[in-house]
Amino acid sequence: MRTRVDEIAGDIFRISTFNPDFGIQFNQFLVRDEQPFLMHTGMRRMFAATLGGVRQVIDPARLGWIGFSHFEPDECGALNDWLAVAPAAQALGGVVGCAVMLNDFADRPPRALAHGEVLAIGTHRLRFLATPHLPHGWDAGFFFEETTRTLFCSDLVFQPGDPEPLTRADPIPGVRASILAGQAGPLAHDIPYTPHTDAALRSLAALAPETLAIMHGASYQGNGAKVLRDLADVLRETIGPR
Ligand SMILES: [Fe+2]
Ligand SMILES: [Fe+2]
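This section reports on the structure supplied with the text. Quick caveat, the model's predicted, so the values are computed rather than measured.

## Describing the overall build of the chain
Summing up its helical and strand segments, the chain has seven helices and 14 strands in all. On C-alpha atoms alone, the chain measures out to a radius of gyration of 16 Å, which is about the 18 Å that the 2.2 N^0.38 rule sets for 242 residues. Taken along the three principal axes of its C-alpha coordinates, the chain extends 50 × 35 × 35 Å. By the burial criterion, 55% of the 242 residues in the chain qualify as buried. A sequence separation of at least 24 residues applies to 60% of the contacts in the chain between residues at least 6 apart. Accessible area for the chain stands at about 10100 Å²; split by element, carbon and sulfur atoms hold 55% of it. Between the averaged position of the 20 positive side-chain charges in the chain and that of its 27 negative side-chain charges there is a distance of 3 Å.

What follows is the structure in structure tokens.
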């Protein structure tokens, strides 16, 4: 496995490891600031690769905060490995994530964020939005970095393969094709369509993100609101109520 590190917005670094066993990238994002923030820990078994990527940007012991969208191994499997190498770091989660998952799982107590709460980490500001079951998981939520207008998209805007770090090309045609292909495969139903799906996506679009930091695929720079509204339309068309 190889890991590459690219700055995709001001002091926001994409740490990308392509895993050929899955045929997809696992992308972590590091916000370099007074209290550095790591978005997703990566899988426990990929910890050495992710740690090496972070080390290219900062001393990992300086990490201040660790956030992720929902409780799954690629999002937070290596959380306790990070807490061990970064003595001041604290996990961040929503109220549900902390109550149901992190208060037990994390080796040190997490900090719970309310829906809409903003955390300043230096010059960057992270807003947390709770979005139960989007992309999946009761505890799901999103972080938005307000100064660079970067939305950490977790599993939304999924693209297979090993694409470039950052693109301005519209990702939606490829995303639609991969949703349709996925619905016919053994890993179908990764995103549930709930009464809240459309409204949650449109509330993310209302943030007017300029960079979409995508966990599996190329990050996107441009009209992020349009991409998210188009994604809402594609989800309604492909997996919405019949
Ligand atoms: Fe996931
Ligand atoms: Fe993921």
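## Concerning the coordination of the iron ion (ligand 2)
Tetrahedral coordination by four donors sets the ideal angle at the metal to 109.5 degrees; octahedral coordination by six donors sets it to 90 or 180 degrees. Looking at the iron ion (ligand 2), one finds its protein donor set to be D74 (OD), D155 (OD), M215 (SD) and H216 (NE2), positioned 2.1 to 2.8 Å from the metal centre. What the four donor atoms of the iron ion (ligand 2) show is an angle range of 85 to 164° at the metal, which sorts the shape as irregular. Between the two metal centres, the iron ion (ligand 2) and the iron ion (ligand 1), the spacing is 3.8 Å, with D155 acting as a shared donor. Of this pair, D155 sits in the loop between strand 11 (150-154) and strand 12 (166-167) while H216 sits in the loop between strand 13 (211-214) and strand 14 (219-221), and the two are 61 residues apart along the sequence.

## Some words on the layout of surface pockets
Each pocket or cavity is described by its volume, and for the largest pocket that value is around 750 Å³. If you trace the largest pocket, you find 26 residues lining it, with I24, F158, L187, D190 and H216 closest to the centre. Counting only elements with at least two residues in the lining of the largest pocket, the list comes to strand 3 (24-31), helix 5 (172-183) and helix 7 (224-239). Looking at which element gives the most residues to the lining of the largest pocket, the answer is helix 5, with five residues.

## Regarding the coordination of the iron ion (ligand 1)
Around the iron ion (ligand 1), the protein contributes the donor atoms H70 (NE2), E72 (OE), H136 (NE2) and D155 (OD), at 1.9 to 2.2 Å from the metal centre. One way to put it: the four donor atoms around the iron ion (ligand 1) meet at angles of 87 to 160°, and that makes the site irregular. Sequence positions of the donors to the iron ion (ligand 1) reduce to the motif H-x1-E-x63-H-x18-D.

## Topic: the environment of L113
Tracing the sequence through the fold places L113 in strand 7 (residues 111-113). As for L113 and R149, which are separated by 36 residues in sequence, their C-alpha atoms are 19 Å apart. Not counting residues up to four positions away in its chain, the partners in contact with L113 are L92, G93, G94, V95, F128 and F143.

## A word on empty space enclosed by the protein
Summed over the entire model, instances satisfying the criterion amount to one cavity of 30 Å³ or more. Lining the largest cavity, in full, are F68, S69, H70, F71, L92, G93, G94, G97, M101, L102, F128 and D139. Elements represented by at least two residues in the lining of the largest cavity include exactly strand 6 (90-94) and helix 4 (95-105). Per-class residue counts for the lining of the largest cavity are six nonpolar, five polar and one charged.

## With respect to helix 6 (residues 197-205)
Those residues of helix 6 that sit buried are T197, D198, A200, L201, L204 and A205. Buried positions in helix 6, seen along its axis, are confined to an arc of 165° and lie on one side of it. Buried positions along helix 6 lie against strand 9 (125-130), strand 10 (141-145), strand 11 and helix 7.

## A closer look at the sheet that holds strand 6
Read across the open sheet, the seven strands follow the order 1-2-3-4-5-6-7; overall the sheet is mixed. Of all the strands in the sheet, just strand 1 (2-9) and strand 7 have a single pairing partner and so form its edges. Pairwise comparison of adjacent strand axes, ignoring direction, gives a mean angle of 25° for this sheet. Two strands pair when backbone bridges link them, and strand 6 and strand 7 are joined in this way by three bridges, in the parallel orientation. If you follow L92 over to strand 7, its bridge partner there is R111. Against the sheet, helix 1 (residues 47-55) contacts strand 1, strand 2 (12-19), strand 3 and strand 4 (37-39), and its axis sits at roughly 150° relative to strand 2. Contacts from helix 4 reach strand 6 and strand 7, with the element oriented near 115° to strand 6.

Here is what the cut-offs are and how they apply
Residue numbers restart at each chain and count upward from 1, following the sequence in its written direction. All chains are assigned letters beginning with A, and all ligands numbers beginning with 1, in the order in which they are written. Whole-chain, interface and lining totals are the exception, using all residues; otherwise, since this is a predicted model, local features are given only for residues with pLDDT of at least 70 and side-chain atom pairs are given and counted only at 80 or more. Where side-chain values are given, they derive from all heavy atoms of the structure, hydrogens and water being excluded. What counts as a helix is a DSSP run of H or I of at least four residues, what counts as a strand is a run of E of at least two, and both are numbered from the N terminus. What the globule rule says is 2.2 Å times the number of residues to the power 0.38, and the radius of gyration is computed from C-alpha atoms. To sort residues, take the accessible area from a 1.4 Å probe on protein chains only and compare it with the maximum for the residue type: under 20% means buried, over 50% means exposed, and anything in between is partly exposed. Here, two residues are considered to be in contact whenever any of their heavy atoms come within 4.5 Å of each other. Note on areas: Shrake-Rupley, 1.4 Å probe, and residue coverage restricted to the protein chains presented here. Charge assignment: positive for Lys and Arg, negative for Asp and Glu; neither His nor the chain ends contribute. In plain terms, the charge of a residue is placed at NZ if it is Lys, CZ if Arg, CG if Asp and CD if Glu. Each metal site lists N, O and S donors within 2.8 Å (3.2 Å for Na, K and Ca). With water left out of the atoms, a site can look as if it is missing ligands. Square planar and octahedral sites, with four and six donors, are those where opposite donors lie more than 155 degrees apart and all other angles lie between 65 and 115, tetrahedral sites have four donors with every angle between 85 and 135 degrees, and the rest are irregular. Here a cavity is any set of points on a 1 Å grid over the protein atoms alone where a 1.4 Å probe fits but cannot get out, and a pocket is any open set with protein on both sides within 12 Å along at least 5 of 7 lines; a residue lines the site when it has an atom within 4 Å of a point. Grid points are joined across faces, edges and corners, and a volume is the space filled by probe spheres set on the points. Residue type decides the class: Asp, Glu, Lys and Arg count as charged, Ala, Val, Leu, Ile, Met, Phe, Trp, Tyr, Cys and Pro as nonpolar, and the leftover types, Gly among them, as polar. The arc in question is traced by the directions running from the helix axis to the C-beta atoms. Pairing between two strands requires that DSSP report at least two bridges joining them. With axes taken as lines fitted to C-alpha atoms, and helix axes fitted only over the stretch in contact, angles between N-to-C directions fall between 0 and 180 degrees.

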